[in-house]
Amino acid sequence: MSSQPESAAAAGSALPPLVLKRQEERRLQAGHLWIFSNEVDVEATPLTAFEPGAHAAVQSSAGRFLGYAYVNPRTLISARLLGRDPDYPPGRSLLVHRLKVALALRSRFAAASCYRLAYGEGDLLPGLVVDRYGDVLVAQLGTAGMEAMKTWVEEALVKVVAPAALLWKNDSPVRELEGLPRYVETAFGDVPDTVEVPEGGVNFRVPLAAGQKTGWYFDQTSNRALFAGHARGARVLDVFSYAGAFGLQAARAGAQSVTCVDSSGPALAAASATADANGLEVELLEGDAFDTLEALHAARRRYDAVVVDPPAFIKRNKDHPKGLAAYRRINQLAMQLLDRDGLLMSCSCSYHLAPGELVDAVQRAARHLGRFAQLVAVGGQSPDHPVHPAIDETRYLRAFLFRVTDG
Ligand code: SAH
């Protein structure tokens, strides 16, 4: 797998073709990277002839070269484009090139060397996620195609960032849809249990192997800055706090008090360690957010700024009705705790929840409680999660800042 071909172009021309049906090249030509099974001319090039993760040269029905892709005959997305330049077939040097371009973007935007270094399709690296914590990398292979290139990915990461350690956090449930096992494994080096992430004037203690996902939710970085910017003097409630990223930055920005709510004990332990190490005060409430918010209401607690950042309540489109109901309910519970003139930051990381639906959920809550909500700022993914404009799925994070007054 990792042996180098004699010449890159020769390797590319040796790849088997994957021929599309008539006119099915249009989406690819418009910039998209995915090929669905019904778009493939399976009489000319049966998908079953490909092993999961195998490479192909994609062609239009007229025989025009469209790009190189990896194939998975078992998934609805049958192939994902890796590149359109015939001289750069799938291989280590293509990955090195992509990672260098990705690194240049992060160097332009990030203050420290902690960020998402590679964001899948958004960086033209479908199926690959890499988070960088200084000289420690935590990476995730999400597709059979990326899994098959694991050695190349590792070599390319070494070449581009020369990390001291690399952890494969290949435990995401999406891997099962790709027919892949779930595992966590150190590729090389000593992966520390926790790393430090500087953000908003706080040095956060972040658990890696024992943490959630790839450790830190970098996608929210810019929204946390937005929220903290309005936290001075406020009684702050951070709902679904994980390691306290929103709340503790608000504390650093001069909040009067900060309360974090999360169901994960280890996440709150990380928040507590961070607070201690940074000389910040925080109240930690471990438990289900819905129940805890109801209990706070019953106890007549009030806040001036509340952030709600739940896990994805809508993972698949079929969960939409149930998930939407959960977004409505949690936002209403949160708004109920706001004092007369308060701020509510409402977030969702469900791609299947349209931005307007979240705004509507907050508006309904306001009407129900007899209050008036004004949308004052719109947030989004941090620049280290670049959106691919042709692939709407790469734009999944919603964040809205509302001011809420008595109606
Ligand atoms: N706001 C965080 C990220 C939150 S991720 C940040 O900026 O880093 C979602 C969090 O919700 C996770 O920490 C998870 O432990 C927590 N969670 C999931 N279900 C929950 C529930 N029912 N009640 C409380 N917390 C929950």
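Residues numbered from 1 in each chain as written. Predicted model: local features only at pLDDT ≥ 70, side-chain atom pairs only at ≥ 80, totals over all residues. Heavy atoms only, no water.

S.K.: Quick question: what am I supposed to make of the overall build of the protein chain here?
M.R.: A tally of helices and strands in the protein chain yields 12 helices and 19 strands. In summary, the protein chain has a C-alpha radius of gyration of 23 Å against a globular reference of 22 Å for 407 residues, a match within 12%. Based on the C-alpha atoms only, the size of the protein chain along its principal axes is roughly 70 × 45 × 35 Å. The buried share among the 407 residues of the protein chain stands at 53%. By sequence separation, contacts in the protein chain at least 24 residues apart represent 63% of the contacts at least 6 residues apart. Total accessible area on the protein chain is roughly 17600 Å²; 51% of this is exposed by carbon and sulfur atoms. Here the protein chain carries 42 positive and 45 negative side-chain charges, and the mean point of each set is 5 Å from the other. (Helix = DSSP H or I, 4+ residues; strand = E, 2+ residues; numbered from the N terminus. Rg over C-alpha atoms; globule rule 2.2 N^0.38 Å. Buried < 20%, exposed > 50% of the residue type's maximum accessible area, 1.4 Å probe, protein only. Contact = heavy atoms within 4.5 Å. Areas by Shrake-Rupley, 256 points an atom, 1.4 Å probe, with all protein chains shown as cover. Lys, Arg positive; Asp, Glu negative; His and termini not counted. Charge placed at Lys NZ, Arg CZ, Asp CG, Glu CD.)

S.K.: Looking at this structure, I do not really get the side chain of E39. What am I missing?
M.R.: Topologically, E39 is positioned in the loop between β2 (34-36) and β3 (55-59). By relative accessible area, which is 8% here, E39 ends up buried. Contact partners of E39, with chain neighbours within four places excluded, come to L20, K21, E24, R27 and W34.

S.K.: It is not clear to me how the pattern of salt bridges should be interpreted in this structure. Could you clarify?
M.R.: One pass over the structure, following the stated rule, counts 21 salt bridges. Two residues, D123 and R106, come together in a salt bridge whose shortest N-O distance is 2.6 Å. Here the residue D123 occupies a position in the loop between β6 (114-119) and β7 (128-133), and R106 occupies one in helix α3 (residues 92-109), the gap between them amounting to 17 residues. For the pair D123 and R106, a shared accessibility class is recorded, and that class is buried. Salt-bridge contacts for E294 lead to R329; the nearest nitrogen and oxygen are separated by 3.1 Å. Remark: R329 occurs in helix α11 (residues 320-336) and E294 occurs in helix α10 (residues 289-298); sequence separation between them is 35 residues. Look at E294 and you get partly exposed, because its relative accessible area is 37%. (Salt bridge = Lys/Arg side-chain N within 4 Å of Asp/Glu carboxyl O.)

S.K.: I tried to follow α10 on my own but got confused; where do I start?
M.R.: Structural remark: α-helix, 3.6 residues per turn; residues separated by three or four positions point the same way. Those residues of α10 that sit buried are A289, F290, T292, L293 and L296. Projected down its long axis, α10 carries its buried residues within an arc of 165°, all on one side. Turned more than 90 degrees away from the buried face of α10, the exposed residues are D291 and A298. Tucked inside the fold, the buried residues of α10 contact β13 (235-239), β14 (257-262), β15 (283-286), β16 (303-308) and α11. Sitting at the head of α10, D288 places a side-chain oxygen 3.2 Å from the backbone nitrogen of F290. Phi turns positive one or two residues past the end of α10, at R300, with a value near 60°. (Arc of directions from axis to C-beta. Polar contact = N/O pair within 3.5 Å; in protein donor to acceptor, adjacent residues only side chain to side chain.)

S.K.: For this particular structure, what's the right way to read the domain arrangement of the protein chain?
M.R.: Much of the literature gives interface size as the accessible area that the parts lose upon coming together. Each domain of the protein chain was delimited in the assignment, giving domain 1 (15-83), domain 2 (92-188) and domain 3 (205-406). Distance between the C-alpha centres of domain 1 and domain 2: 24 Å. Taken residue by residue, the interface counts 13 residues in domain 1 and 16 residues in domain 2. Interface of domain 1 and domain 2: buried area, both sides summed, is about 1100 Å²; carbon and sulfur atoms make up 61% of it. It is L33, Y70 and L82 that lose the most area in domain 1 upon contact with domain 2, and together they represent 43% of the buried surface on that side. Our count for the domain 1 to domain 2 interface comes out at two salt bridges. The partner of E178 in a salt bridge is R80, with the nearest N and O atoms 3.8 Å apart. (Domains from an automatic or database assignment. Buried area = accessible area lost by both parts, 1.4 Å probe.)

S.K.: Please explain the site of the ligand as it appears in this structure.
M.R.: Taken together, the neighbourhood of the ligand is formed by 16 residues, with R224, D262, D288, A289 and D309 sitting nearest. In the model, a nitrogen atom of the ligand is placed 3.0 Å from a nitrogen or oxygen of the F240 main chain. Take D262: an N or O atom from its side chain is 2.7 Å from an oxygen atom of the ligand. A total of 580 Å² of accessible area belongs to the ligand in isolation, and the protein chains cover 88% of it. (Near = heavy atom within 4 Å.)

S.K.: What should I look at first to understand the confidence of the model for the protein chain in this one?
M.R.: Close inspection of predicted coordinates is inappropriate in any region flagged by low pLDDT. Within the protein chain, residue pLDDT values average 96, and 98% of them lie at 70 or more. The least confident element of the protein chain is helix α1 (residues 8-13), whose mean pLDDT is 68; the most confident is β13, at 99. (pLDDT = per-residue confidence, 0-100.)

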